[in-house]
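Structure at a glance
Residues per chain, in single letters:
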Amino acid sequence: MHGRPRQRAAGETSGAENDKELSKVAELQELIPSILHNHRTCCYTKEALMQNAKLLELNPEFYTAWNFQKRAVQHLLLSETDEEAHKRIVKEELDLVYRALKVNHKSYGAWHHRKWVIALGLSPLDSEFTLLSKVLKLDARNFHSWDYRRFAVRMKGVPINEELQFTTEKINENFSNYSAWHNRSALLSELYRNETGGKEIVQGRLEEEFDLVKNSFFTDPNDQSAWFYYSWLLGQVVAPVGPELNGTWPPHTSELVIECSEEPTHLSITCTCPLQRVTSFVSSGVPLLLSFTEAVTGVNNETVTVHSEPEVRELSKLSWRPVGFSQEFSQTWATEVRFQIKDDKSLLLSELTNFTVDIVVAVVPGIVSPGGQPMQGPVKCSKVSFHFGTTDNAAKKTIGEELMAKQLGAIGLVEEETSKGENQTQIKAGAWQVKILETEIESILELLKIEPDSKWAQLTLIRLLTARESFSRSRSERPADEVEKLQKLQGLLRELTHIDLPHSEYYQHEQSLLILREVVLDLERPTEPQHLSSLLNLRSSSLYTLGCFEHFLWVQHLDLSNNHLRSTHGFEALQLLENLNISHNQILSFTALAPLALLPLLRILNISFNEIGAHPIDTCRVLIPSNLSNHFMSQVLAGNKEVNPWEVQLVFQNMNLTDLDLTGNPVVNSSKFMKALTAVLPSTTLHTNESSECK
Amino acid sequence: MATLHLQKHVDYIKSLDKKSDFDSLVTEHLRMSGAYWGLTAMDLMGHLADMDANEIVAWLLKCQHDCGGFGGNHGHDPHVIYTLNAVQILALFDKLNAVDADKIASYIAGLQNEDGSFAGDEWGEIDTRFSYCAICCLSLLKRLDKIDLKKATDFVARCKNFDGGFGCTPGGESHAGQIFCCVAALAIAGALHHVDKDLLGWWLCERQVKSGGLNGRPEKLPDVCYSWWVLSSLVIMNRVHWIDKKKLEEFILDCQDSENGGISDRPDDAVDVFHTFFGVAGLSLLEYPGVKAIDPAYALPVDIVDRIFYGQENGFTDKL
Ligand SMILES: [Zn+2]
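All of these numbers come straight from a predicted model, not from anything done at the bench.

1. Focus on the packing of aromatic side chains
- Enumeration over the complete set of coordinates arrives at 41 aromatic pairs over all chains.
- Ring centres of Tyr63(A) and Tyr82(B) lie 5.3 Å apart, and the angle between their planes is 25°; this geometry places the pair in the stacked category. Taken as a pair, Tyr63(A) in helix α3 (residues 63–79) and Tyr82(B) in helix α5 (residues 80–92) lie in two separate chains rather than in one. A single burial state applies to Tyr63(A) and to Tyr82(B), both of which are buried.
- Relative to Tyr230(A), the ring of Phe210(A) has its centre 5.4 Å away and its plane inclined at 80°; by these criteria the two rings are edge-to-face. Taken together, the residues Phe210(A) in helix α10 (residues 199–219) and Tyr230(A) in helix α11 (residues 224–238) connect sequence positions 20 residues apart. Tyr230(A) carries the same exposure label as Phe210(A), and that label is buried.

2. Structural notes on the interface of chain B and chain A
- With 101 residues of chain B at the contact, the number on the chain A side is 92 residues.
- Across the chain B/chain A interface, buried area totals approximately 8600 Å², and carbon plus sulfur atoms make up 56% of it.
- Seen at the junction of chain B and chain A, the total is seven salt bridges.
- In this structure, Arg621(A) and Asp295(B) form a salt bridge, with 2.6 Å as the shortest nitrogen-oxygen distance.
- Counting every contact that joins chain B to chain A gives 48 residue pairs in polar contact (both at pLDDT 80 or more).
- Of all elements in the fold, only α2 (22–26), α7 (128–140), α9 (176–188), α10 (197–205), α11 (225–236), β2 (271–272), α13 (273–285) and α14 (302–310) of chain B reach the threshold of two or more residues within the side of chain B that touches chain A.
- Among the residues forming the side of chain B that touches chain A, the class breakdown is 39 nonpolar, 30 polar and 32 charged.

3. Some remarks on the coordination of the zinc ion
- Within the protein, the zinc ion binds to His2(A) (NE2), Asp223(B) (OD), Asp223(B) (OD), Cys225(B) (SG) and His275(B) (NE2); these donor distances fall in the range 2.0 to 2.5 Å. Take Asp223(B) and Cys225(B): they sit in the same class, and that class is buried.

4. Details of the confidence of the model for chain B
- The share of residues in chain B with pLDDT of 70 or more is 97%, and the mean pLDDT across the chain is 94.
- Both scores are given for the predicted complex: the pTM is 0.94, the ipTM 0.96.

Criteria and cut-off values
- Residues numbered from 1 in each chain as written.
- Chains lettered and ligands numbered in written order.
- Predicted model: local features only at pLDDT ≥ 70, side-chain atom pairs only at ≥ 80, totals over all residues.
- Heavy atoms only, no water.
- Phe/Tyr/Trp six-rings, centres within 6.5 Å; stacked < 30°, edge-to-face > 60°.
- Helix = DSSP H or I, 4+ residues; strand = E, 2+ residues; numbered from the N terminus.
- Buried < 20%, exposed > 50% of the residue type's maximum accessible area, 1.4 Å probe, protein only.
- Contact = heavy atoms within 4.5 Å.
- Buried area = accessible area lost by both parts, 1.4 Å probe.
- Salt bridge = Lys/Arg side-chain N within 4 Å of Asp/Glu carboxyl O.
- Polar contact = N/O pair within 3.5 Å; in protein donor to acceptor, adjacent residues only side chain to side chain.
- Nonpolar A, V, L, I, M, F, W, Y, C, P; charged D, E, K, R; others polar.
- Donors = N, O, S within 2.8 Å, 3.2 Å for Na, K, Ca; no water.
- pLDDT = per-residue confidence, 0-100.

So, in structure tokens, the structure goes:
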């Protein structure tokens, strides 16, 4: 029941109202049993139909009565052969629906019945549009009416442009019509998909849209409708249309030194790369990682080719797997290059000691996002040299210094020669985008002069500036200027936190992403070789979220202590991570740590002084694969006696930790939890109080 | 500072069964839902034992049809909504073995269309609400293998909109109730990669209005039932801290009828069992003391869900 005033005491209702309700009660008490009886006995007499119509007018939500009505229509249509009679039957149905809608224009049953009747094809569609303009005039936001309109448009085959015109009319009647803006977004998306006239036509249309929507928020800057639409439009301009490759490990131009390690069947791997940190670790194989701008599927031997020169058979058949909870989609994909190790701890290689490897992504189509968008952008590749043998530490350092000395240009991904032409058009497209962004920034600044406290204008300005920032990045700006701009944007977000306090954590989330962009810029600055360790220090950085993972693939030691993180989602991308300090954050539950179970090299985990065990609601509970999300792990549980609580087993059973620090979490006071933890992590040193805290 | 009038709400829900006024007559076709709302609220408030489980289950079983589906009441046609509610009630009472799970599963599987969508019943109305009902119900029965789950989640994904939200069918406008159905269905099916969590999280946190209450769409009035639809979606995506939880709690408590019990859509409106449940469920997600934890996707108390999937009865903090 919605919008009915509460009656404090029984006496408050007027006598007339009371009488009306009492007579309805009597009517319903009589009608319901007799209609259910008619329905059961398939009784479709005139009397039965009249009763049913009466019930539906009293209560259009009585779904079984609509079902009775449909059976009756089927029965009547069969018993009459005359076309006019058929039309009359249908007309009567539509009249009944109309009367029911007058009682409740949000009745699912009534609207569906109308669709069902219309789908019989015995009634003109034009009258449906007359009805629609009437109901949308009464309530322009009724989503049932809009849904029915889309149905009628489909039935009649109304062209997209014509329907788009209808939404323009609705918006001009009242800017605050989110339903119309929504419909517009759907229609335009369809139009763009079908547009064969080239990019310029789509671009021209987008520019017109900006004018329409700006008109709207200049009229009422506090109305959400236009702002959400504007935000979508902006995305249409700046966001790439499909996923792109944005990072690899080993990074482009890096040198790998591979030896046999002390550990049996394991390799010792050292990776050096100009202007990047030296990474050194022990693993059963050499990991290769690909990072994309969004989750993708279709990464395999056909879409990713790994050429080696001279050819090495170990690289010929690699099997790529998504890193994450989905078996299908991931932003990060990984594979491992395995080399056979002989008993005398030397590598079984076909005489080779040195070779170079080219990793080329997406020569053929096949890598797509969950929305089905194919991978965009020029073909990307990463060139890596492999060196085998017993190099000592000094030699490793030499390689690093040598590379430093070379002072190679920009690191990261290179584009294949063949894609140069495509690249030219990309830059041109960038020019159009920057032009739009400049115009829009002007407009929003104008609005902010009139409405300095509009949080919508403020947030939009930040987004526009951020977008312009990422476009000018490719235009080789000075890093110092960039840092200054990022800091200015952070300042704007801080202001917004004060204007709109209830949503402050959302803005702090956005701000975290800007802080991380600054971190990335800092990492790209030339540093002395001795500082190039694989530690990333983000201690006390006001982070509410972690992102930019594509830039951190090399990280082995990560200090995130004293931030505001609530989960480790996304951390699975950090496949080389060995040591994580996430103490003094806001982790609420063990399930928030589930992504860490996907890190094969993680050994030391410090989660001290979080809030595990302090909250009854676990906000990561259904975000991870478990029996609840239909990832049944019965095979795992079968060989193991069940651990209660299940979260402990789920998160920790596959971790190979040497140290786990839980100090300062309420959960350490629960003997049940600690018992479960000890059972799942028999060879891990658990730290649960400050005196035994690990260094 | 307002507090939860727990005992008054318990008494209010208990009183509903005996009524035969206008309200109970116009809702008689959805009595199964009413029972689910009332009973789950009772369990969250620690009073499920006050209800007569045997009597309720006996009535519930009378609402099942030969096809396996349940009607909203005795004598009413089967529908996927009431089939889910019936299974949820059986789960509450730990009586899932009182029904033939395969039969129910085959009824639901029969409602799936070629494009992955679900009809609500034999009359073919399509809506992502029914996708949720089907997926949630089959999951509780551990029979998800009876449908094409990939197609089912792909259909839900096709209903995604420009604002990150979801509609009834492809092209339908985003609506918080619909968003809950789609996000929860994807969560249960392990397909949350279809959800743009930051974009949708932003849209959802903007549902909070000045009074602290949440609305279901932009420029609409706040309503207690959205405390559930919006909040559960935010909890599923781990974005619930993007709203002001304290102000929402105050709004829900303001909607209580402090004299006669029950919670309404807005302050001083008439109470009903629907809003009473969603108010209590909202408070549960807000960690209000004295209210049991609810699972944001299954819309059942956490201990019930853990019992079904792990044979472990105690909720997260009770485990301590
Ligand atoms: Zn409501």
